[in-house]
Amino acid sequence: MAPPAQSHRSPSPSQPSGKGEVSDLKSQLRQLAGSRAPGVDDSKRELFKKVISYMTIGIDVSSLFGEMVMCSATSDIVLKKMCYLYVGNYAKVNPDLALLTINFLQRDCKDQDPMIRGLALRSLCSLRVANLVEYLVGPLGSGLKDSNSYVRMVAVIGVLKLYHISSSTCMDADFPAILKHLMLNDPDTQVLANCLSALQEIWTAEASKSEEASRERDALLSKPVIYYLLNRIKEFSEWPQCLVLELVAKYVPSDSNEIFDIMNLLEDRLQHANGAVVLATIKVFLQLTLSMTDVHQQVYERIKAPLLTLVSSGSPEQSYAVLSHLHLLVMRAPVLFSSDYKHFYCQYNESFYVKKLKLEMLTVVANESNTYEIVTELCEYAANVDIPIARESIRAVGKIALQQYDVNAIVDRLLQFLEMEKDYVTAETLVLVKDLLRKYPQWSQDCIAVVGNISSKNVQEPKAKAALIWMLGEYSQDMQDAPYILESLAENWDDEHSPEVRLHLLTAVMKCFFKRPPETQKALGAALAAGLGDFHQDVHDRALFYYRLLQFNVSTAERVVNPPKQAVSVFADSQSSEIKDRIFDEFNSLSVVYQKIIVFQCSRSRPMTRTSS
Amino acid sequence: MISQFFVLSQRGDNIVFRDYRGEVQKGSTEIFFRKVKFWKEEGQDEAQAPPVFNVDGVNYFHVKVAGLLFVATTRVNISPSLVLELLQRIARVIKDYLGVLSEDSLRKNFVLVYELLDEVIDFGYVQSTSTEVLKSYIFNEPIAVDAARLPPLGPAAIFMQGSKRMPGTAVTKSVIANEPAGRKREEIFVDIIEKISVTFSSSGYILTSEIDGTIQMKSYLTGNPEIRVALNEELNIGRGSGSLYDYRSSTGSGAVILDDCNFHESVRLDSFDVDRTLSLVPPDGEFPVMNYRMTQEFKPPFRVNALIEEAGNLRAEVTIKIRAEFPSNITANTIVVQMPLPKYTTRATFELDRGAAGQTADFKEANKKLEWSLKKAIISHMLLWSLIVGGSEHTLRAKLTFLQETHGNITKESGPVSMTFIIPMHNASGLQVKYLQIAKKSSTYNPYRWVRYVTQANSYVARL
């Protein structure tokens with residue numbers, strides 16, 4: 001019985017430390033190596049299992065290599081498989097000993113049983129030892145021609161493995177040409193799919209080196225190849241279907257008839273239970289119709305239901321991946337989803353990252369007809385005990401307010417938040433009220449009346465405090481206490497740890513001074529003195545700048561610090577539309593989940609060596 | 001393409017580890033586990049790691065199944081759906097072979113698992129995840145673990161509790177295990193599993209409701225005969241396709257209108273448009289025949305009303321009422337009602353219905369939650385009836401004591417009330433398997449057919 005692997009990070013007396021057990025195994029394996037006693041295979045199985053279990057938990061058992069190879073002379077397939085697994089793992093660090101395995105692997109490659117032939121060939125190609133590649137070419141060549149599809153399937157991936165060990169050997173043997181032939185002629189779809197995977201990888205890597213390779217790579221996207229694959233797509237199992245669909249999404253059809261033919265052919269793939277197939281199909285539909293606005297819009301309508309079904313079936317992880325893609329589409333064309341807003345309501349047991357995506361979707365689909373309901377729903381979340389979600393919800397309400405023309409009702413809701421007297425709710429709301437006032441100065445009367453009741457002592461978060469101070473400065477003529485609140489803040493300068501707040505305080509005191517000079521004089525003096533002595537460079541510089549401006553000319557200073565403002569019409573979007581388009585082009589990839597373009601390292605460019613640490 | 005695949009226990013131990021391409025450095029399991037365990041989100045102390053993230057150019061994908069972490073790594077910009085779907089599928093294939101998916105069974109059978117992994121993925125490319133296809137490559141025999149001692153996991157496990165008619169071991173049987181008597185029991189399971197989400201407003205009005213259903217199949221039939229599954233004849237797909245608007249939907253005879261559905265690749269829909277029949281040759285192992293989604297109005301199995309009121313200085317009263325609205329011959333299981341209370345709650349005393357044995361109410365001090373459970377297991381036979389009779393009602397009253405005075409609106413400091421439950425032999429959508437026809441091999445061939453229904457709460461919430 002294999003010992004249950006315990007954590008190797010928490011050593012305990014009963015746990016294998018490695019050394020003693022490994023040398024024990026070594027001698028036991030030696031004893032069995034030459035034995036022909038009955039039942040010896042069973043004892044070997046137990047020992048092999050022990051070796052593999054040590055390997056799994058990270059104990060180095062590479063020193064057993066010689067013994068393992070000696071024991072591998074067997075007809076027991078279970079033993080053989082364990083031995084292959086072991087050899088594949090350690091051949092790289094024992095290149096000399098790996099040579100020992102070549103012999104029996106090559107012999108197994110000619111076994112009568114196709115299963116053994118395939119397994120041996122797979123192991124042979126997995127040794128990852130550069131100076132052994134000469135032994136691979138022969139078995140691979142015959143493997144590709146094998147009458148059994150399992151062996152061919154393994155051989156095709158074997159060619160790719162060879163390419164990664166020694167690309168020149170692979171190219172010299174002309175294997176890619178054989179794969180191309182197999183891809184277009186082999187009756188077995190898994191062989192075909194493996195050829196496609198291997199060729200894509202090989203030609204992409206070679207394309208930078210030779211023009212011919214780059215032509216070959218482009219040829220995978222040619223009409224005959226694409227049509228050949230599309231016509232057979234229903235024979236493929238679900239995973240190769242994804243592969244083919246991914247390829248088809250890059251194909252450029254010559255006319256709209258072709259586009260409709262492809263879409264009609266793939267239409268039923270949208271009903272597949274495997275989300276990966278559905279998303280790959282959607283990518284094809286979206287890419288093909290990019291230049292046909294009407295059809296593209298119809299595609300959105302068509303894919304809504306299948307996407308929503310995938311979001312609600314399957315595991316939370318799967319539904320998150322699909323939801324990220326739905327999120328991308330909603331962000332791109334919110335109008336098309338404005339009647340589906342109820343699907344984006346949060347469920348109490350969803351995780352933060354799912355809720356966050358949903359809140360963003362609710363924000364963008366809000367329009368004149370559904371805003372009331374959406375904001376009502378968001379207000380429920382704002383009162384939620386889940387604080388991060390409550391915060392996000394308030395921000396969402398604010399964003400909706402900023403994108404709407406009729407903000408009347410929303411402003412009321414926001415002001416109600418302030419009456420809830422929860423610190424984090426107040427903090428988030430203050431920031432929003434500030435933004436709202438910058439866009440809709442006409443609401444200042446209503447807002448200021450409520451904001452004026454908030455004690456600055458109850459506001460601790462820097463962003464919120466800065467917002468409150470900004471309002472005190474901007475609307476000091478309407479807020480009776482403004483100069484005195486600012487004064488007490490300026491007097492307690494050293495208690496304020498955030499430079500952002502101190503910067504705002506300086507500016508607010510200045511603005512207040514221009515409007516109500518006699519009352520603010522004391523605050524201004526205190527603020528400037530404290531600012532000049534501030535350790536923070538920006539705060540110090542701003543204080544100095546204000547000081548000199550005032551010294552120069554007070555009315556000039558007013559023109560600089562408090563000029564008449566125009567309402568902000570549009571707030572800058574955090575993400576440029578160019579990036580959004582690029583993410584859209586990478587639909588059905590990690591870029592969508594991460595919501596950014598990532599430069600991925602090509603696996604080829606990385607050396608195949610593992611770090612020794 | 002996938003670089004590595006591994007399974008970690010809850011404590012972060014490697015149970016199986018397979019490196020397919022040797023392009024991700026060693027130590028990735030530790031990096032992954034540390035990242036998941038100490039995931040930080042802005043403004044949050046405790047957060048759950050998303051299923052996909054990137055650390056130093058390596059992308060980590062993970063799914064949680066049976067308390068284990070199934071993880072894949074890659075360096076390329078691959079389809080996240082594909083990898084997450086694959087991980088889920090690998091878990092299912094392993095379960096098909098081991099009978100039970102648990103840390104124990106994986107450790108006992110890791111050699112078999114390696115055998116599977118070698119055939120499922122080669123050099124990072126998926127080869128097959130079909131339990132059926134993989135059968136011919138697997139030579140190890142599964143070592144059975146004691147299923148009875150395992151905590152129930154996954155949707156199928158709910159059938160194991162209680163109901164005597166179900167052969168308890170069937171769902172935990174390996175597809176390649178030999179029966180003691182040397183012959184296989186011919187049987188097929190078709191499970192209709194529905195997860196329902198309902199949000200009630202404070203006035204008891206239904207704000208949103210949805211049913212997410214799956215028809216799951218597990219076949220142990222030799223020779224893979226063709227099977228025909230007939231669904232309700234009055235079944236419409238796509239909202240707006242039919243002009244029917246039927247309130248009787250949940251009680252059976254009315255038309256069922258699904259918003260949308262999808263099917264397993266083995267399902268043929270040749271006659272689906274004519275007589276709502278699915279035909280398929282079921283592969284070995286467990287798989288979803290059909291997933292569906294319904295937002296048509298239906299009768300929620302439970303009505304929930306909740307109320308919180310201030311009752312003088314530093315005090316408040318909570319009243320939660322649930323009413324079971326399903327037929328009286330049906331029993332609901334493991335009902336738990338939860339409600340977050342104001343943060344400054346220090347004490348709660350409860351008052352249950354008279355004779356409410358088997359019910360417990362508790363104040364969870366640590367996260368300030370009220371928990372009320374109505375577990376079937378501890379309800380004696382007589383009392384059970386009071387719970388399940390249609391229209392039967394249960395009420396919990398709680399008196400709360402606060403540390404400080406409430407300010408503002410107390411309903412904004414607590415709630416919403418959420419509820420979990422399992423109702424075997426009931427489905428809310430009205431979707432039914434009318435018959436299950438197995439292509440006959442001979443007149444004496446009459447395998448066991450189990451068609452089972454179950455309804456579960458997904459997000460079942462009542463607002464205050």
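About the thresholds
- Residues numbered from 1 in each chain as written.
- Chains lettered and ligands numbered in written order.
- Predicted model: local features only at pLDDT ≥ 70, side-chain atom pairs only at ≥ 80, totals over all residues.
- Heavy atoms only, no water.
- Pairing = 2+ DSSP bridges.
- Helix = DSSP H or I, 4+ residues; strand = E, 2+ residues; numbered from the N terminus.
- Domains from an automatic or database assignment.
- Salt bridge = Lys/Arg side-chain N within 4 Å of Asp/Glu carboxyl O.
- Buried < 20%, exposed > 50% of the residue type's maximum accessible area, 1.4 Å probe, protein only.
- Axes fitted to C-alpha atoms, helices over the stretch in contact; angles between N-to-C directions.

To continue, consider the sheet that holds strand β25 (residues 433-438) of chain B. Residue and element names in this part refer to chain B. Spatially, β14-β15-β10-β25 is the arrangement adopted by the four strands of the open sheet, whose pairing is antiparallel. Sheet topology places β14 (267-268) and β25 at the edges, where each strand pairs with a single neighbour. Direction of pairing for β14 relative to strand β15 (residues 277-280): antiparallel, over a ladder of two bridges. Bridge pairing in β15 links Val267 to Leu280.

Let us now look at the domain arrangement of chain A. For chain A, the assigned domains are domain 1 (314-420), domain 2 (455-561) and domain 3 (577-612). The C-alpha-based centres of domain 1 of chain A and domain 2 of chain A are spaced at 36 Å.

Here the structure, examined in full by the defined rule, presents 62 salt bridges over all chains. Of the charged contacts, one joins Arg391 of chain A and Glu461 of chain A as a salt bridge, the two residues approaching to 2.7 Å between their closest N and O atoms. On the criterion of sequence distance, the pair formed by Arg391 of chain A in helix α21 (residues 387-403) and Glu461 of chain A in the loop between α24 (444-451) and α25 (462-474) is long-range, its members being 70 residues apart. Since its relative accessible area comes to 29%, Glu461 of chain A is described here as partly exposed. Of the charged contacts in the structure, one is a salt bridge between Asp362 of chain B and Lys364 of chain B, with a shortest N-O distance of 3.4 Å. The exposure class assigned to Asp362 of chain B is partly exposed, which follows from its relative accessible area of 37%. One network of salt bridges, with partners in common, ties together Arg391, Glu392, Arg395, Glu428 and Glu461 of chain A.

This next bit is on the sheet that holds strand β22 (residues 369-374) of chain B. Residues and elements named next belong to chain B. The mixed open sheet is built from nine strands, whose spatial order is β13-β16-β9-β8-β26-β24-β19-β22-β21. Each having just a single partner strand, β13 (260-263) and β21 (359-364) make up the two edges of the open sheet. When strand polarity is set aside, the average angle formed by the axes of neighbouring strands in this sheet is 15°. Strand direction decides the pairing type here: strand β19 (residues 333-340) and strand β24 (residues 417-424), joined by four bridges, are antiparallel.

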